[in-house]
Amino acid sequence: MTSRYDILFQPIKIGPVTAPNRFYQVPHCNGFGHRMPQGMAAMRGMKAEGGWGVVCTEETEIHHTSDLSPYFEGRIWSDDDIPTWQLMTDAVHKHGALAGIELTYNSHDAANLYSRAAAFGPRSMGITGGSGYEPGQSRAATKDDLKLVRKWHRNAAIRAKKAGFDIIYCYAAHNMTLAFHLMSKDNDRADEYGGSLENRTRFFRELIEDTKEAVGDTCAVAVRFAVDELLGGDGMQFDGEAHDIVAMLAELPDLWDVNLSNWANDSVTSRFGKEGHQEKYISFVKKLTTKPVVGVGRYTSPDSMASAIERGIMDMIGAARPSIADPFLPNKIKEGRTEDIRECIGCNICVTGDTRFVPIRCTQNPTMGEEWRRGWHPENISPKKSEDEILIVGAGPAGLEAARALGQRGYHVILTDARREAGGRVALESALPNLNEWRRVIDWRLTQINKIENIYFYPSSQMTAQDVLDAGAPHVILATGATWRRDGMGRNISRPVQGNGNIFTPDDLLGFNLESDSLLSKLREQAPALQKVLIYDDDHYYMGGVLAELLVQNGCEVTLMTPAPTISCWTQFTLEQERILKRLLDLNVTLLANHVIASHTPTTATVTNTITSAESTLACDAIVMVTDRIPNDALYHELKPALADGRLKSLRVIGDAEAPNIIAQAVFSGHLAAREFDEQVNPDVTPFKIER
Ligand code: ADP
Ligand code: SF4
């Protein structure tokens, strides 16, 4: 049968190799890096199994003088690294996909904290890699240095070919690499590598030529090139020098993989950018070259993908996050199962694998990063071992995932929730400003649950311990969530904050329609004169900032205060912090770091500077405490005796009810409970394989 998506399954010739289809997993970091190659290889292999025609590595260091520590990226410094890369190329080839490697040399973006080598780049300047504020500088590269880098890159390409890679990258994107830095307008070197655009592009051209000469007989040579930095005239621009660079090098590489720089612009979260947001910047490239063009833009809809090809924006659909959320996305399209696609929600928890130096995690796909160490497959799960029935209380992300996965195993599952709507916190939080894509966590699970006959969902069913026992299921899983604290206690305050102020929590603010003024009128029931609101954020992720937006939209004057040195501190790891700050400043939110709340009255808050201990008083009509949450585990404690006396065969508490955390952790917790059900789990033994 023909389908409108057939175009996505056409083979694409890339230099001397041919990709089986147009699905291209572009290079992406994963936190495994050179430290955990088996985990990395199994994760990449899963994408190939799921139908991605090309599967690439992350940025891969070619030499110790460009060591990307403290991050764990790929590494191909010597022949000793070849066997670990063969793990990946074998895993990818097994399923008929091509394997690509992104070789990188990062000049002043390499902190070299491990190798202790002096980094070199276009000029001597402060190191931009590592934390971004490492105390040290690069040195200015000599022409001999540049020659050496060309040699190292060539040697790495030869090693990569030996390791079995089909596509070898020259990387000039994300404002991270020497080739990109040399192309910058700021490069005023007096030699033939600085000054004119031709001179500045010389090194990139040489890298491509060298690589083609070294391995181009059997390997395709791709470039990753950032066509815009969103810095206006201060940076690379798609309608400026990037256009001229692509025109100059048009037919030289075998493939153009083009995107936005820096990484925060390339991997923008759904809060700040929608599917296809890069099209405007990359569409010129295809007009200048006959070589295949790859672009990204968090495409999860096959219609958008087919349209991007048909409109001549790109030849292959590049994806990092959509391939993480659903390694089987291509196969699902091929099999006409588009409703089964586990769509990426654009939260960038996956990015925090890299930025927190741990194996990649994903909100939508709890098996991501667990392929090797736990042997988890995103589509398959072991069948049931008994006919026992399971009752799950709470249909938030944890309960929904546990029900779905247990249902997939074949168990008879009863899922209940007190609310009329499934989704728990996600149903409420996805109604907050610009978080609507987060609903996909619920939508995908409900779609699957509706297809599984042995799962029965009962909404509007508040359960007491007696109700649970009366239901008669021998196994009970409690996914009853958590409640935001009202007393200010959290990381920084261990005793309830005293006062008689008007205190609200996120739970009071969630679930209101932005368009209406009902939120303000509701809050004014408690605080009639409400105008000035102080948000005290000891949570440090998105909630404080999103609530500030919500309250400003509802006509409040907002101060966002945090004990941390920066506002929405943890969002630096999801690449969102700068955009959050810009949005808050644009909304005239007053930002106050390094302060804790000491006490409150109906019109004031006394706050303490965390550094000087100096106290001051802020005028505010209400305070929103975004601090710790209290697990809703009362039901668990009430039911424990029933486990002890044999009325229940098993009782487990999962998700936020066990330990409040991010949504990704709730989904993971639900999945883990489903996998471990009917299994003997020895608490003395680490439940996953460890790479040594
Ligand atoms: P998690 O993130 O762990 O999934 P959520 O807070 O998102 O937790 O979801 C918890 C869900 O559990 C909410 O939808 C809530 O209505 C439901 N719930 C809590 N207690 C009960 C109960 N006693 N009976 C039925 N549903 C409950
Ligand atoms: Fe998408 Fe979030 Fe998963 Fe990353 S973690 S792939 S952004 S759903």
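Residues numbered from 1 in each chain as written. Chains lettered and ligands numbered in written order. Predicted model: local features only at pLDDT ≥ 70, side-chain atom pairs only at ≥ 80, totals over all residues. Heavy atoms only, no water.

1. Describing the overall build of the protein
Link 1 in the chain: When helices and strands are tallied, the protein shows 23 helices and 29 strands.
Link 2 in the chain: Since a compact globule built from 692 residues should have a radius of gyration of about 26 Å, the 27 Å found for the protein is in line with a globular shape.
Link 3 in the chain: Its C-alpha atoms give the protein principal-axis dimensions of roughly 75 × 65 × 50 Å.
Link 4 in the chain: In the protein, which comprises 692 residues, the share counted as buried stands at 61%.
Link 5 in the chain: In the protein, once contacts between residues fewer than 6 apart in sequence are set aside, the share between residues at least 24 apart is 72%.
Link 6 in the chain: Here the protein has roughly 26,400 Å² of accessible surface; of this, 50% comes from carbon and sulfur atoms.
Link 7 in the chain: A distance of 2 Å separates the average location of the 72 positive side-chain charges in the protein from that of its 90 negative side-chain charges. (Helix = DSSP H or I, 4+ residues; strand = E, 2+ residues; numbered from the N terminus. Rg over C-alpha atoms; globule rule 2.2 N^0.38 Å. Buried < 20%, exposed > 50% of the residue type's maximum accessible area, 1.4 Å probe, protein only. Contact = heavy atoms within 4.5 Å. Areas by Shrake-Rupley, 256 points an atom, 1.4 Å probe, with all protein chains shown as cover. Lys, Arg positive; Asp, Glu negative; His and termini not counted. Charge placed at Lys NZ, Arg CZ, Asp CG, Glu CD.)

2. Some points on the site of ligand 1
Link 1 in the chain: Neighbouring residues of ligand 1: 21 residues in total, closest Ala398, Asp417, Arg425, Met463 and Asp656.
Link 2 in the chain: Here a nitrogen atom of ligand 1 sits 2.9 Å away from a polar atom, N or O, in the main chain of methionine 463.
Link 3 in the chain: Between aspartate 656 and ligand 1, the recorded distance is 2.6 Å, taken from a side-chain N or O atom to an oxygen atom.
Link 4 in the chain: The class makeup of the residues in the shell around ligand 1 is nine nonpolar, eight polar and four charged. (Near = heavy atom within 4 Å. Polar contact = N/O pair within 3.5 Å; in protein donor to acceptor, adjacent residues only side chain to side chain. Nonpolar A, V, L, I, M, F, W, Y, C, P; charged D, E, K, R; others polar.)

3. Some thoughts on the site of ligand 2
Link 1 in the chain: In the region of ligand 2, the neighbouring residues are Arg321, Ile324, Ala325, Cys344, Ile345, Gly346, Cys347, Asn348, Ile349, Cys350, Cys362 and Thr363.
Link 2 in the chain: A breakdown of the residues in the shell around ligand 2 according to their chemical character gives eight nonpolar, three polar and one charged.

4. Some thoughts on unusual backbone geometry
If a residue is not glycine, its phi is most likely negative; likewise, a peptide bond is most likely trans.
Link 1 in the chain: Following serine 69, the chain continues to proline 70 via a peptide bond in cis, the omega torsion being 10°.
Link 2 in the chain: By secondary structure assignment, the location of proline 70 is in the loop between strand 4 (54-61) and strand 5 (74-75).
Link 3 in the chain: Look at the link from serine 261 to asparagine 262: it is a cis peptide, with omega at -5°.
Link 4 in the chain: Among the secondary structure elements, asparagine 262 is positioned in the loop between strand 11 (255-260) and helix 7 (263-266).
Link 5 in the chain: The backbone of asparagine 588 sits at a positive phi, close to 60°, despite the residue not being glycine.
Link 6 in the chain: Although it is not a glycine, asparagine 594 sits at a positive phi angle of roughly 60°.

5. Concerning the environment of glycine 396
Link 1 in the chain: Tracing the backbone through its elements, the reader meets glycine 396 in the loop between strand 14 (389-393) and helix 14 (397-409).
Link 2 in the chain: On a C-alpha basis, the gap between glycine 396 and glycine 655 in space is 8.7 Å, while along the polypeptide they are 259 residues apart.
Link 3 in the chain: Setting aside residues no more than four positions away along its own chain, glycine 396 makes contact with Asp417, Gly423 and Gly424.

6. Topic: the packing of aromatic side chains
The description of two aromatic rings rests on the distance between their centres and on the angle between their planes.
Link 1 in the chain: Under the defined criterion, the tally for this structure stands at 16 aromatic pairs.
Link 2 in the chain: Between phenylalanine 9 and phenylalanine 23 the ring centres are 5.2 Å apart and the planes differ by 50°, which places this aromatic pair in the tilted class. Taken together, the positions of phenylalanine 9 in the segment before strand 1 (12-14) and phenylalanine 23 in strand 3 (residues 23-25) put the pair 14 residues apart, joining distant regions of the chain.
Link 3 in the chain: Ring geometry for tyrosine 105 against phenylalanine 120: centres 5.6 Å apart, planes inclined by 35°, an arrangement best described as tilted. Here phenylalanine 120 lies in strand 7 (residues 120-121) and tyrosine 105 lies in the loop between strand 6 (98-104) and strand 7, a separation of 15 residues in the sequence.
Link 4 in the chain: On the accessibility criterion, phenylalanine 120 (3% relative accessible area) is buried.
Link 5 in the chain: Connected via pairs of aromatic rings, a cluster forms that spans Trp438, Tyr541, Tyr542, Trp570 and Phe573.
Link 6 in the chain: Seen from the ring of tryptophan 77, arginine 75 lies directly overhead, with NZ or CZ sitting 4.0 Å from the centre.
Link 7 in the chain: One Lys or Arg, arginine 356, reaches over the ring of phenylalanine 573 and ends 3.9 Å from the middle of that ring. (Phe/Tyr/Trp six-rings, centres within 6.5 Å; stacked < 30°, edge-to-face > 60°. Lys NZ or Arg CZ within 6 Å of the ring centre and 35° of its normal.)

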